Amino acid sequence: MNFDDTPEEASFRAEAQAFLSANAELKGTTEQGDETEDEYIERARAWQKLKSENGWACLSWPVEYGGRGASPMELIIWGQEEGKYDAPVGPYVIGLGMCGPTVAAYASDEHKNERLPRLVSGEDIWCQLFSEPSAGSDLANLRTRSERDGDDWIINGQKIWTSGAHYCDWGILVTRSDPKVAKHKGLTFFFLDMKSPGVEIRPIKQISGGSNFNEVYFTDVRIPDSQRLGEVGGGWGVCLTTLMNERLAVGDTSGVDVPNLMELVSRIELDGEPALHNNAVREKIANWYCQMSGLRNTRYRVMSALSRGQTPGPENSISKVVGAGKMQGIGSFGIDLMDMGGIVVDSDNDDLNSQLFQGSFMGAPGLRIAGGTDEVLRNIIAERVLGLPQDVRVDKGIPFNEIAQGPA
Amino acid sequence: MNFDDTPEEASFRAEAQAFLSANAELKGTTEQGDETEDEYIERARAWQKLKSENGWACLSWPVEYGGRGASPMELIIWGQEEGKYDAPVGPYVIGLGMCGPTVAAYASDEHKNERLPRLVSGEDIWCQLFSEPSAGSDLANLRTRSERDGDDWIINGQKIWTSGAHYCDWGILVTRSDPKVAKHKGLTFFFLDMKSPGVEIRPIKQISGGSNFNEVYFTDVRIPDSQRLGEVGGGWGVCLTTLMNERLAVGDTSGVDVPNLMELVSRIELDGEPALHNNAVREKIANWYCQMSGLRNTRYRVMSALSRGQTPGPENSISKVVGAGKMQGIGSFGIDLMDMGGIVVDSDNDDLNSQLFQGSFMGAPGLRIAGGTDEVLRNIIAERVLGLPQDVRVDKGIPFNEIAQGPA
Amino acid sequence: MNFEFSEEQNLLRDQAQRFLRDKCPLETVRTVLDSMTLSHDAALWQGMIDLGWTGVSIPERYGGVGLGYLELCVIAEELGRSLAPTPFASSVYLATEALLLFGSDAQKENYLPRLAAGEIVGTYAMAEGRGAVAANKLKTSFSDGALSGDKLPVPDGDIADIAIVLAASKAGPVMCIVDLNSSGIERTVLETMDPTRSQASICFDRAPAALLGEAGNGWEQSQELLSRAAVLFAFEQCGGAQAALDMAKDYALERYAFGRSIASFQAIKHKLADMYIATTLARSNSYYGAWALSTDAPELPLAAATARVSSTQAFNECASENIQTHGGMGFTWEFNCHLYYRRAKSLAVNLGGLHRWQDQLVTALEQSTAAEA
Amino acid sequence: MNFEFSEEQNLLRDQAQRFLRDKCPLETVRTVLDSMTLSHDAALWQGMIDLGWTGVSIPERYGGVGLGYLELCVIAEELGRSLAPTPFASSVYLATEALLLFGSDAQKENYLPRLAAGEIVGTYAMAEGRGAVAANKLKTSFSDGALSGDKLPVPDGDIADIAIVLAASKAGPVMCIVDLNSSGIERTVLETMDPTRSQASICFDRAPAALLGEAGNGWEQSQELLSRAAVLFAFEQCGGAQAALDMAKDYALERYAFGRSIASFQAIKHKLADMYIATTLARSNSYYGAWALSTDAPELPLAAATARVSSTQAFNECASENIQTHGGMGFTWEFNCHLYYRRAKSLAVNLGGLHRWQDQLVTALEQSTAAEA
């Protein structure tokens, strides 16, 4: 056992480091504090363009679409190295990771040649329009209607939890074209210009006060049939292609962790001595550290499999469910340690980093839900990892418009 | 708010105290250490007889069957007072609490007059034959067959978890008389002489080493139709009558609790000082005490409702699920505190009461299962207390012999 | 056995519920939350005064209603359920109570009638920044009738007229009472995680103050005051926990997924069952606290800590799992889940964090064990 | 990145699994459990010796196989999975390891070849009754080549030929080594909650003993020894946790209730998912411990404590919830669930309880934080 790169990995890493050190600034050396969102997007477009000009834009894609066919391990190495730099990559995560591969798999050559290069070069930013108010954990339970009208389709309905919809140029969209057939059968998939008439975007304010997501309303939005991806009624299969490429893209998931707690407990007192000396505090730290370390070491195991060219096991499926709970627990506990003062929000006077604990406490409930709730993830572990049967499905094979949807 | 008896309650309590102090020994003043089971049963018979001669045998029963029509609150008061004495009541709990009321509700007058007085006077001990290997949480999924043969029924099958079957004289039994109708429809209920030919009783050894329960095998056991309780196919309704009278009767449920832990932590060291000074220990004690105190105070609320003549709310439904988990937790933690020596079983040298912690650690898993698993109890709370819907039932209305029963 | 509220007390509860449903729907709470300037809902507060709630625990000779602590517990639970944005807790559970416990006759005559009538609002100033206060580390000091130092956060400190202040003195810790509108006082509203209960910092610079209770006895007085207030806070927390549980249950019943109510899934059923268990234990423990408070029982320190610990945990759990039950909707600003989540946290730290109360519980348990032996 | 066992190590695992499936089915474990006299399974133990497992960590020049700690971790996991009733842990993880770490050349030459060949069994005698040992409270004492005092429980102390003993001395705590068949020694088999790993009390009455390592350095030596052994115990615990999880899964799939496999109920699915999560975290942490152990990394105290804490918790959870998944059958003597439950508890306390390791974890974390700063 060791943590070393293979010679090939080391050489790839060196190449990445060379490009990055020549073209980007290390984290912590720059100050973007009062950057507006527009400025951030502009900076992201420039960085994507620079990467595309130097062959770093979409590593895992095949060469024909501007990629370099990188291995999963190379992707990880690039991520590790790019992560050390102040590199604005967020706006392209969904486009490159989910929308691009779907377009590549299903669109006409004409559309592929038109759209994909602009995504790679950073000219176009893409979003994904799947979730709906009625389609949360039950992803296929969606109601946004598509109706054929000549060479077009007319879209009416509402999508939700769309990251970046307000600055995106294009989106992928799944709709219900036939409510009279079973839930998974009547879906049809499109891509569309987000500036199309009838598309209205409203930000969602989260309980943390931030707005990382949007609602997107469709009123008689027209999409040419040529922008359909996959067969009419074959939208669920296209969704699965997209979701296979899903990475966790639920906004800001960074939060408080054990090192922050260690710092806090060494600087705050409990019963007249440093909280670090308190056994109850130590026990909690030990247990959370076991989770933190366990997740990190699990990632190492996954990476080892990738590095050997193997397909990793299902180990990493536990990451979000453990991480989100830990973040909520540590956030809450840190506030408790700060006692009555723990709920005071004061950015000018925050030597104990209380805003990190508070922000995590308010952000973690979202993390426990977005991208699969704790409950859905446990189902997934039980079914896909342990091979246990699905729960009873009363909606199976029933026409969508006859499935019980609850009180109106 | 106060904890006082009403005048009526006080007078009843005084009467009970007078009888008890004249006829029984206070707990802790007697020594039954090497009593055999036979001797214990004999003592229980004598005590029941004495109670019946003095009107204390079956307080809640109507006067016509030897009871005194006591109120629920009087029952509690009697239980509190009798509990202070070394009174061997265990063998009659199921007979008086469950079997007797069922016989009283469904048997012929002849049978009632024959059987009930002997139960009251302690001559007969009764058991309940419901559970089967395939019928645990799914109580109605039972397979013991009853087939009509002239004036008799012939019984074949197996029951399990029958307390005291080996010393019982009579039992109540639910069987499947028609496997071709739905699960709850094809059941028929009987009472029988436990000494009938074809009844074989085998003790079950539990993981704690004790044997509180039996398996009971039926091979061509004949029961006269006159001992049928309720209609043919109406056995489920009779079961419900019995279960309405159920009290927790799962063997020894007494175990370690917070006072025992307080004693241990004041006498054992951790990091060179009394474990009681350790904050991690204190935090655990506080949390378990909140449960212990919460359960006790919940019982007070239930008793207050009874004392006012009201029907108590569902509060007490939480008692076993909380109590069993607490017992397992404290048992386990006590062993941990005793460190390497915690697993040594030594009755001669047990100044720290380690056997209580060990016994609870080994007994609590059974308590978490018997009389309704943690999971079933949470279902019950969710459905009956909170009014949430049942889970999907795939076995509803299907003939019993077509319900999936798993791999053979 | 009479371990329930009386019929009269339950009538008071009905009245309180009707009043609060009318005057304090969650929109009222949201108005204070969303406002940058409102510290509380003034109409609601006035309504509570008009109902005599501010005088419930104050004897009639000081202008109060002279009911008792059980009645106050009933009101507290309903205030907790409705998330009422008012200074009631600070003024009634703490300032009024401190005066009743430790005030001289003159102090009582001076302040209690005005507190009962709602003419003035009181509070208790204990914390001095982040971290728990300790008897030997108080930085605020009192000498020669003057108080100096910084107290923060002080619940409702921005609108309070008087404050009971815990301070150091030559004789040891003392409690003193200060008119917050007098000289040498600067107050700043603080931004907090729960804007529906306001907090302020108060800087005292030789502000005129008077001793409350005995010199050198301030820490013990504070412990006693906190134990009594803990029972009332526990009822607020039970009310909040119950409301969060009810909200989760209602949503689970209405929300469908996979063709069935999500309330029929065991993951949700068992979550709600656990919330019910936590709430029931907390409520039963709070009843015991109410009994101890109302009878001045020697069990109060143990009963109060037990009520406080279990209610804090129950409200935390219910508020957090209510969000989880709501799924995506649960973490939107638009839904009301976060109101409970915020309040649960602010009540959890308001009288000192969980650790302090777990520790008091075990200390009291030791003493009661020793007393029995 | 190479954070997995090698192909050769996985071949060793396959071999170990085949061997243990054959020689150590659960019936073998039950035989020892149900017997009043058997301390271990002799045939199994001999088979392990024949495979060279007792010499895996011993260099070839002392008669060992000279493989390494990663190989030992692989074997430990399989022993844990099979619940093997043998003195392997005491003899190999502890006695052998103590000699390798602290033995003089002469001591190594004397003992290691015989340990490697399985001619003698060793153990480590640390505990002195109920409660954790403390450096300054050791009652067993060593002076002038003689050892006196009572050690209990000593794992495998009834059958061990030599013991490493932690004792007080004038110079401070010492480790010494004792031939258990010499004079002044009385051993008594102890009844315990896990009869599949035997325990004894050993009374030393001026028994001849030799210093192992440095005088006065016994406590530090013990800490080092325990850290190394903790990684190996963690692998045993992971193996046990995995076996309990597998058993629960198999039963849940086969058992039907309400017309469906109980494995389709969320209450069971989520319980098993939680067991999987705990086991996965524990295994990953144990891998890190294996890396630290095999490379003598300075991270060992932290890595070992982390592996130990998470594996102890995972095995406890899996053993307990395996019973729960089995329902009524789970608490019968006849079913094998309790074998895991007993072993989980005996392994949990064997190297000192959870508290000791949580504390070591945080102490090591402090030091690593300080070192980074």
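A. Representation of the nonpolar core. Counting 402 residues, the largest nonpolar core has C:Trp53, C:Tyr93 and D:Tyr93 as its most contacted members. In contact with D:Tyr93, other than residues within four places in its own chain, are D:Leu72, D:Ala76, D:Leu79, D:Phe88, D:Leu225, D:Ala229, D:Leu232, D:Phe233 and D:Glu236. Residues A:Cys168, A:Val221, A:Trp236 and A:Val238 belong to the second largest nonpolar core, which totals 47 residues.

B. View of the interface of chain B and chain A. Listed per partner, the contact involves 8 residues of chain B and 8 residues of chain A. Roughly 670 Å² of surface becomes buried between chain B and chain A when both sides are summed, with 46% attributable to carbon and sulfur atoms. Together, B:Asn279, B:Glu283 and B:Val392 form the three largest contributors to the area buried by chain B at its contact with chain A, with a combined 54%. On the surface where chain B and chain A come into contact, there are 2 salt bridges. A salt bridge links B:Lys284 to A:Glu283, with the nearest nitrogen and oxygen atoms 2.6 Å apart. At the boundary of chain B and chain A, one finds 4 residue pairs in polar contact (both at pLDDT 80 or more). Here the side of chain B that touches chain A is composed, by residue class, of 3 nonpolar, 2 polar and 3 charged.

C. A look at the domain arrangement of chain A. Domain boundaries assigned for chain A yield domain 1 (7–88), domain 2 (127–240) and domain 3 (251–372). Here the C-alpha centre of domain 3 of chain A lies 27 Å away from the C-alpha centre of domain 1 of chain A.

D. Focus on the relation of the copies chain B and chain A. Between chain B and chain A, the superposition needs a rotation of 180° and an axial shift of 0.0 Å, giving an RMSD of 0.1 Å. One copy is carried onto the other by what is essentially a two-fold rotation axis. Within chain B, the C-alpha atom positioned nearest to the axis of rotation is that of B:Ala280, 1.9 Å from it. The fraction of interface residues of chain B whose copies in chain A are also interface residues reaches 100%, indicating that both copies meet through the same surface.

E. View of the side chain of C:Gln242. Residue and element names in this part refer to chain C. Within the secondary structure, glutamine 242 sits in helix 7 (residues 218–254). At 3.3 Å, the side chain of glutamine 242 forms a polar contact with the side chain of arginine 283. Apart from residues lying up to four places away in sequence, glutamine 242 is in contact with Arg81, Thr279 and Arg283.

F. Highlighting the packing of helix 8 (residues 279–307) of chain B against helix 11 (residues 354–372) of chain C. Axis separation between helix 8 of chain B and helix 11 of chain C bottoms out at 9 Å; the angle between their running directions is 80°. Put simply, helix 8 of chain B runs roughly perpendicular to helix 11 of chain C. The residues of helix 11 of chain C that touch helix 8 of chain B, namely those facing B:Asn279, B:Arg282, B:Glu283, B:Ile285, B:Ala286, B:Asn287, B:Tyr289 and B:Cys290, are C:His355, C:Gln358, C:Asp359, C:Leu361, C:Val362, C:Thr363, C:Leu365 and C:Glu366. Taken together, the residues that form the contact of helix 8 of chain B with helix 11 of chain C break down as 7 nonpolar, 5 polar and 4 charged.

G. Fine view of the interface of chain D and chain A. Contacts between chain D and chain A engage 43 residues on the former and 51 residues on the latter. With both sides pooled, the region where chain D packs onto chain A buries about 4300 Å², and carbon together with sulfur makes up 64% of that total. Considering only the surface of chain D that becomes buried against chain A, D:Met1, D:Lys269 and D:Tyr276 emerge as the three largest contributors, covering 20% of it. In this assembly, chain D and chain A are joined by 6 salt bridges. A:Arg301 is the partner of D:Glu4 in a salt bridge, and the nearest nitrogen-oxygen pair spans 3.6 Å. Linking chain D with chain A are 23 residue pairs in polar contact (both at pLDDT 80 or more).

The rules behind the values
Residues numbered from 1 in each chain as written. Chains lettered and ligands numbered in written order. Predicted model: local features only at pLDDT ≥ 70, side-chain atom pairs only at ≥ 80, totals over all residues. Heavy atoms only, no water. Core = buried A, V, L, I, M, F, W, Y, C linked by side-chain atoms within 4.5 Å. Buried < 20%, exposed > 50% of the residue type's maximum accessible area, 1.4 Å probe, protein only. Contact = heavy atoms within 4.5 Å. Buried area = accessible area lost by both parts, 1.4 Å probe. Salt bridge = Lys/Arg side-chain N within 4 Å of Asp/Glu carboxyl O. Polar contact = N/O pair within 3.5 Å; in protein donor to acceptor, adjacent residues only side chain to side chain. Nonpolar A, V, L, I, M, F, W, Y, C, P; charged D, E, K, R; others polar. Domains from an automatic or database assignment. Least-squares fit on C-alpha atoms with pLDDT ≥ 70 in both. Helix = DSSP H or I, 4+ residues; strand = E, 2+ residues; numbered from the N terminus. Axes fitted to C-alpha atoms, helices over the stretch in contact; angles between N-to-C directions. Parallel < 35°, antiparallel > 145°, perpendicular 65-115°, else oblique.

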